[in-house]
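Each chain is listed here by its residues.
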Amino acid sequence: MKYVTFIFALNIPCSLNTFGDWHRDALNWKNVAILESNDSIYKDFGIETNKTIPQNEGLFNVANHLRACLDFLEQNKFSGISGMRKDYICTEEYDELFFEKVILLNNVVHWENIYLFMAKEYKMKWINFCKKRGVIGVQRSRTTS
C-alpha cells in the first residue's frame, strides 16, 4: 500500500494521542514523501486510511505519528526526527509499543545509529528495555597489538 510519511505525516493529525509537528505551512504539499508499505518490516502497521492532505484532492493513506517516526529510523534518516519524543510524541503512552517496533530493526546495518538515537531520545528507559530483551546496542571494536 502506498502511503504518505516522514515530516508530511507528522503534520497530519492522526488517531493517536500525539502532537505531531506544527510546521504545516512550511512544507511543499505538492511533493509529499510516499513509501510502499510492503517494502517495510512494518507492513501496514500504523497507516491510517481515507485522510485528506493539504493542497491535494482525494483521500490518502497516511502514516500515524509513530509510524512516521519508525519510517525515519528504518530509512536511516535521523535529522528529521531529532527531539521526536518531546516534540512529536509528547506522551509516554506509546513508549512500550514504539520500543517493540523499533527493536525489530536490530538486524539492519545501521542498527547502532538507531540504538544511539533512541538512547539520546529515551535515555535509560530505552537502554533498559534493550537489556531486558538481550539486544545489544553498540558493538565495541577491539584492537589487538
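Residues numbered from 1 in each chain as written. Predicted model: local features only at pLDDT ≥ 70, side-chain atom pairs only at ≥ 80, totals over all residues. Heavy atoms only, no water.

Draft legend 1. Quick look at the packing of helix H4 (residues 95–102) against helix H5 (residues 111–122). Running from N to C, H4 and H5 point in directions that differ by 165°, and their axes come no closer than 12 Å. In terms of axis orientation, H4 runs roughly antiparallel to H5. The way H4 lies across H5 gives a crossing that is left-handed. The segment H4 lies against H5, with Asp95, Phe98, Phe99 and Val102 engaging Trp111, Ile114, Met118 and Tyr122. Residue composition of the contact of H4 with H5, grouped by class: seven nonpolar, no polar and one charged. (Axes fitted to C-alpha atoms, helices over the stretch in contact; angles between N-to-C directions. Helix = DSSP H or I, 4+ residues; strand = E, 2+ residues; numbered from the N terminus. Parallel < 35°, antiparallel > 145°, perpendicular 65-115°, else oblique. Left-handed = near helix turned anticlockwise from the far one by under 90°. Contact = heavy atoms within 4.5 Å. Nonpolar A, V, L, I, M, F, W, Y, C, P; charged D, E, K, R; others polar.)

Draft legend 2. Structural view of the pattern of salt bridges. What the rule picks out here adds up to eight salt bridges. One salt bridge in this structure joins lysine 51 and glutamate 48, with 3.2 Å as the shortest N-O distance. Side by side, lysine 51 and glutamate 48 carry an identical accessibility label, which is buried. A salt bridge links arginine 85 to glutamate 92; the shortest N-O distance between them is 4.0 Å. In the salt-bridge network here, residues are joined through shared partners; they are Arg85, Glu92, Asp95 and Lys125. (Salt bridge = Lys/Arg side-chain N within 4 Å of Asp/Glu carboxyl O. Buried < 20%, exposed > 50% of the residue type's maximum accessible area, 1.4 Å probe, protein only.)

Draft legend 3. Fine view of the confidence of the model for the protein. Taken over all residues, the pLDDT of the protein has a mean of 94, while the share at 70 or more is 96%. Scored below 50 in pLDDT, residues 141–145 shows zero contacts in the model against residues more than four places distant or in partner chains. (pLDDT = per-residue confidence, 0-100.)

Draft legend 4. Structural detail: the nonpolar core. Of all hydrophobic cores here, the largest spans 48 residues; its most connected members are Leu73, Phe98, Met118 and Trp126. Where this core is concerned, the elements lending two or more residues are strand E1 (2–4), helix H1 (6–10), strand E4 (60–63), helix H2 (65–74), helix H3 (84–89), H4, H5 and helix H6 (124–132). What methionine 118 contacts, discounting residues up to four positions off in sequence, is Leu73, Phe98, Phe99, Val102, Lys123 and Trp126. (Core = buried A, V, L, I, M, F, W, Y, C linked by side-chain atoms within 4.5 Å.)

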